[in-house]
Amino acid sequence: MKEIQVVAFTIGSQEYGVDILSVQEIIKVLTITRVPRAGRFIEGVINLRGNVIPVFDLHKRFGVPPTEDAGEARIIVFQFEDTRAGIIVDGVSEVMRIDGDAIEDAGQVYRSVDADFVQGVGKVDGRLLILLNVKKLLGLE
Amino acid sequence: MSMDMSQYLDVFLEESREHLVNLNERLLELEKNPQDLSSLNEIFRAAHTLKGMSSTMGFSDMADLTHHMEDVLSDLKEGVISVEGPIIDILFSCFDRLQIMVGNIQKGQPAVNNTDLIEMLGNIKNGVLTASTPQHNDDTPSTSPIPMQTDTDQNITMPFEFNQYDLTVLKEVQTRGLNAYYISVRVAPDCLMKSVRVFMIFKSLETDGEIIKTFPPAQDLDEGRFEDRFHMVVVNKLDVEAIRERIDAISEVETEVVQFIDLKDHKDANVEDPGEKSPVVHESPKTSLADKLPDESIRSHKVKQTVRVDIERLDNLMNLVGELVINKGRLEQIGLTQHHGDLNDVIEQMERITNDLQNVVMNVRMVPIEQVFNRFPRMVRDLAKDLGKEVEFVIEGKETELDRTVIDEIGDPLVHLLRNAVDHGIEYPEVRRQNGKNSSGSVRLVARHEGNNVFIEVIDDGGGLNLDLIRTRAVEKGLATLQEVNNMTPVQVTDFLFRSGFSTAQNVTDVSGRGVGLDVVKNKIESLNGEIFVDTVLGKGTTFKIRLPLTLAIIQALLVKVGNETFAVPLSSVDETTMISKSDLKMVQSQEVVLLRGKVLPLVKARYLLEFREHDNYEDVMYVVVVRKGEKQLGIIVDSLIGQQEIVIKSLGKLLAGIPGVAGATILGDGAVSLILDVGTLV
């Protein structure tokens, strides 16, 4: 694996990373309209400059309790081909480069069912970032 | 092309292609069997139709050629001349040319000069058979570099001028007894490796000759960088036919012109031009070509007043207008609270302009339903023929306009209904005569506007539906009891036809098949926010009536509040709103109901349907939205009614597709997203 650039963010106490190429933008949390009968992990929909975009709650997805102080919370909006979607995160820390050698294969670290949307684990300055395959996570792949 | 014609262009192109395919097949048959009169008739018909169509559309080049084809074909039909080799070839050439022309029309490229073919057709008619392939017309002066314009310009002229050096070379080869030829070769447009064809041609010509000039330059040719035609000057000992043979032996290429170069012409030209001493002036055919490239001839052709626009752009425009409508709504709200005279004036103006704009944008998206209807006459005719029935098919109101998105979806349901009408509605001629009817049945397809709706009807004067048979069938299928069906109104009975799988059984003679796929039709139409009704009289005929909204992008909706959330209910599914008090509630078999003007109205709480946490308590006074689902009415209890408003439908996207009860979303004046409820799947 070659060097990749990731957007690092936190959910609960864990740090995650997503490939920057799939990120369209990072926005503050807007009013979210609940969608009844939608999946459990769907927080609702937002109005992003006239476009209605679904937002997913990864706390529920990862079984992490919701964060009390939502001041730093952001929505990361992803763009995949013709589909856009957002995820709510507790905070976006930085954009960083991770060398291919510093990325461990997911299978070696993760043995749970969730492993298929974990691309790998990146090691940066002693921190561990779980690199997510958002497309798989959202069921687009 | 005049403006009002442009909308038929797609249809024209599509139909032309159909005719061309037919023409091609029939020509092949005719070639195999020259006595085959039916093929000849079919070819004649195709040419005739193409002539009619193209002249209506104003493509005079096509009309002219087909007209001359028709002349020859009619002579062939009458036996004045007989079908012989060259004639078929020329007809094939005409066919090829027609294909090119249709392609050009689609690409908006200029008309084609067909004098060569027309001359040959004329020769045939006059009994003079000439060479079988179009040749360059030698009358045109060929000294000036006429660019090759587009791949359509069949009146090909050499794209080079010879400079002093070339002339010296040419002169020298002629003294050695060699001939110089100008050759133009066309490579099949779908040819994948053009450079390979070039290589093969070069190789075959260079075995005993020399290629001294090409256009485009040889390097471009080697890399396949040319349209579908290239030109060269070759010297060798061969004659015209031999060269043709060699090149044509290579697949996917066709020699268009092989022309002997007479050096005298060029000398004359040079004498007239004193600047010729400096070869540079004339040496660059490339620049002179670039200057004269097709623009001008095309531009003069593009005097049409229409623009073809990607539907996506129109959708964007519609979205923007939608945003404007939303904000207009918001301004109106502000105006109401502010009581400021000037402000209200401006808002009123704004409202007018926005409404106009909205109408204009909607109109732009409107296309006549003709596009869909046009393919039906042929289908009905074929079907009737296959079934041995006589059907007179009438289309009315084909100019009725509908939103593009609806047009795209409505074709299949109509095919279904028409097939049903011909297959199961119209009786066989003998049956009709026995019943005292005209032996030829009538199927009418009628479209018309009515308010904000379009109605499409499929009317046949066939046997009609036997309601008793449907009743029996419904009981057999366990859909209702005998007592129930006997109490049903005709409308309720015909409703069974739209149940899925209702008449898959084959043994019900008259009705069998009447319901095949009708559930699909109903679903499709309901997905377009429309409705379908059936009206039938036994022995007299059946009418299927479809109601469709004019557009799908902006709808009227009733906004309601549940908890602190706002939902939109399409007004098309709302019958009325009412207020009830807690004491009016009754329980019937654990179902809450209320008596509304003497009728029992089942009730359901929106809080329950929409997964609110608290949905058990009842207020003293409750608001009820009475919605219609099929034939049934249902009251939905909401917390409060906000009012009626125009809303812009936005899709929830792939990730949230197919959630029952949610038809989409809209953005309200305050920027919040509100869900649009789909009554059909909500309850």
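Rules of the game
Residues numbered from 1 in each chain as written. Chains lettered and ligands numbered in written order. Predicted model: local features only at pLDDT ≥ 70, side-chain atom pairs only at ≥ 80, totals over all residues. Helix = DSSP H or I, 4+ residues; strand = E, 2+ residues; numbered from the N terminus. Contact = placed C-beta atoms within 7 Å. Pairing = 2+ DSSP bridges. Axes fitted to C-alpha atoms, helices over the stretch in contact; angles between N-to-C directions. Buried ≥ 20, exposed ≤ 12 C-beta atoms within 10 Å, placed from the backbone. Nonpolar A, V, L, I, M, F, W, Y, C, P; charged D, E, K, R; others polar. Parallel < 35°, antiparallel > 145°, perpendicular 65-115°, else oblique. Left-handed = near helix turned anticlockwise from the far one by under 90°. Core = buried A, V, L, I, M, F, W, Y, C linked by C-beta atoms within 7 Å. pLDDT = per-residue confidence, 0-100. Expected span 1.5 Å × (residues − 1). Arc of directions from axis to C-beta.

**Q** Before we move on, can you summarise the overall build of chain A with the specific residues and values?
**A** Per the secondary structure count, chain A includes 3 helices and 11 strands. Walking chain A from its N terminus toward its C terminus, one meets helices and strands in the order β-β-β-β-β-α-β-β-β-β-α-β-β-α. For chain A, restricting intrachain contacts to residue pairs at least 6 apart in sequence, the fraction spanning at least 24 positions comes to 50%.

**Q** Lay out the sheet that holds strand β6 (residues 74–80) of chain A with the relevant residues and their values.
**A** All names here are of chain A. The 5 strands lie next to each other as β3-β6-β7-β5-β4, forming an open sheet whose pairing is mixed. Each of the sheet's edge strands pairs with one partner strand only, and the pair in question is β3 (23–28) and β4 (42–48). Direction aside, neighbouring strands of the sheet carry axes that sit 30° apart on average. Pairing of β3 with β6, which is carried by 5 bridges, proceeds in the antiparallel orientation. Following the sheet pairing, Lys 28 is matched in β6 by Arg 74.

**Q** Provide a residue-level description of unusual backbone geometry, including the pertinent values.
**A** Residues and elements named next belong to chain B. Omega for the peptide link from Phe 215 to Pro 216 comes to -5°, which places this bond in the cis form. Among the structural elements, Pro 216 can be located in the loop between β2 (209–215) and α9 (218–222). Within the chain, His 339 stands out as a residue other than glycine whose phi angle is a positive 50°. In this fold, His 339 is placed in the loop between α15 (311–338) and α16 (341–364). Since 8 C-beta atoms lie within 10 Å of it, His 339 is described here as exposed. Within the chain, Arg 597 stands out as a residue other than glycine whose phi angle is a positive 45°. Among the secondary structure elements, Arg 597 is positioned in the loop between β16 (591–596) and β17 (599–605). A count of 6 C-beta atoms within 10 Å places Arg 597 in the exposed class.

**Q** Account for the interface of chain B and chain A, with residues named and values stated.
**A** If you look at the interface, chain B gives 22 residues, while chain A gives 18 residues. Secondary structure elements with two or more residues in the side of chain B that touches chain A: α15, β21 (662–667) and β22 (673–677) of chain B. When the residues that make up the side of chain B that touches chain A are grouped by side-chain class, the tally is 12 nonpolar, 5 polar and 5 charged.

**Q** How would you sum up the sheet that holds strand β11 (residues 127–132) of chain A? Please name residues and give values.
**A** Residue and element names in this part refer to chain A. Here we have 6 strands laid out as an open sheet, ordered β8-β1-β2-β11-β10-β9, and mixed in their pairing. The open sheet has two edge strands with one neighbour each: β8 (91–98) and β9 (103–105). For this sheet the average axis-to-axis angle between neighbouring strands, irrespective of direction, equals 35°. Pairing of strand β10 (residues 118–124) with β11 involves 6 bridges; the strand directions are antiparallel. Bridging from a neighbouring strand, Gly 120 pairs with Leu 131 of β11.

**Q** So what's going on with the packing of helix α19 (residues 404–425) of chain B against helix α24 (residues 518–527) of chain B? Residues and values would help.
**A** Residue and element names in this part refer to chain B. One can describe the packing of α19 onto α24 by two numbers: an axis separation of 10 Å at closest approach and a directional angle of 150°. With respect to each other, α19 and α24 are oriented roughly antiparallel. Considering the relative orientation of α19 and α24, their crossing is left-handed. Residues Glu 409, Asp 412, Pro 413, His 416 and Leu 417 of α19 lie in contact with α24, whose contacting residues are Val 521, Lys 524 and Ile 525. Here the contact of α19 with α24 is built from residues that sort into 4 nonpolar, 1 polar and 3 charged.

**Q** Lay out the nonpolar core in plain terms, naming residues and giving numbers.
**A** Val 45, Val 55 and Leu 132 of chain A together with Val 569, Val 625 and Leu 677 of chain B are the most contacted members of the largest nonpolar core, which has 74 residues in total. Counting residues per element, this core draws most heavily on strand β12 (residues 554–562) of chain B, at 6 residues. Setting aside its immediate chain neighbours within four residues, Val 569 of chain B contacts Ala 557, Leu 558, Val 560, Val 574, Val 625, Val 627, Leu 677 and Val 679 of chain B. Counting 42 residues, the second-largest nonpolar core is a separate cluster that includes Phe 376, Ile 470, Ala 474 and Val 521 of chain B.

**Q** Which residues make up the environment of Pro 368 of chain B, and what are the values?
**A** As for its placement among the helices and strands, Pro 368 of chain B is situated in strand β5 (residues 366–368). Between the C-alpha atom of Pro 368 of chain B and that of Lys 398 of chain B, which follows or precedes it by 30 residues, the distance is 6.7 Å.

**Q** Just give me the short version of the confidence of the model for chain A, but keep the residues and values in it.
**A** In the predicted model, chain A carries a mean pLDDT of 86, and 93% of its residues have values of at least 70. Looking across chain A, the model is least confident in helix α2 (residues 106–109) of chain A, with a mean pLDDT of 64, and most confident in β6 of chain A, with 93.

**Q** Mind laying out the environment of Met 587 of chain B, listing which residues take part and the relevant values?
**A** By the secondary structure assignment, Met 587 of chain B is in strand β15 (residues 586–588). Along the chain, Met 587 of chain B and Pro 602 of chain B lie 15 residues apart, while their C-alpha atoms are 9.4 Å from each other.

**Q** Requested: an account of the environment of Lys 582 of chain B, with residues and values cited.
**A** Residues and elements named next belong to chain B. On the secondary structure map, Lys 582 appears in the loop between β14 (574–581) and β15. Between the C-alpha atom of Lys 582 and that of Asp 620, which follows or precedes it by 38 residues, the distance is 4.9 Å. Ignoring any residue separated from it by four or fewer positions in sequence, one finds Lys 582 in contact with Tyr 618 and Asp 620.

**Q** I'd like a rundown of helix α3 (residues 37–57) of chain B, residues and numbers included.
**A** Residues and elements named next belong to chain B. Between its first and last C-alpha, α3 extends 30 Å over 21 residues, near the 30 Å set by a 1.5 Å rise per residue. Those residues of α3 lying buried are Ser 39, Leu 40, Ile 43, Ala 46, Ala 47, Leu 50, Ser 54 and Met 57. The buried side chains of α3 occupy one side of the element, clustering within an arc of 130° when seen end-on. Pointing more than 90 degrees away from the buried face of α3 are the exposed residues Leu 37, Ser 38, Gly 52 and Thr 56. Within two residues after α3, Gly 58 carries a phi angle of roughly 85°, on the positive side.

**Q** Describe in detail the packing of helix α4 (residues 60–77) of chain B against helix α6 (residues 115–125) of chain B, supporting the description with residues and values.
**A** Residue and element names in this part refer to chain B. Direction vectors running N to C along α4 and α6 enclose 20°, while the axes themselves pass 9 Å from each other. Overall, the two elements α4 and α6 adopt an arrangement that is roughly parallel. Crossing angle aside, the handedness with which α4 passes α6 is left-handed. Contacts from Asp 64, Leu 65, His 68, Met 69, Asp 71, Val 72 and Asp 75 in α4 reach Leu 117, Ile 118, Leu 121, Gly 122, Ile 124 and Lys 125 in α6.

**Q** Lay out the pairing of β16 of chain B with the relevant residues and their values.
**A** Where a strand is regular, its side chains alternate between the two sheet faces. Residues and elements named next belong to chain B. Of the pairings in the sheet, the one linking β15 to β16 comprises 3 bridges and is antiparallel in character. Paired with Val 588 across the bridge in β16 is Gln 591. Here β15 folds back onto β16 in antiparallel fashion, the turn holding 2 residues, of which Gln 589 has a positive phi close to 45°. Between β16 and β17, which pair antiparallel in sequence order, lie 2 residues; one of them, Arg 597, sits at a positive phi of approximately 45°.

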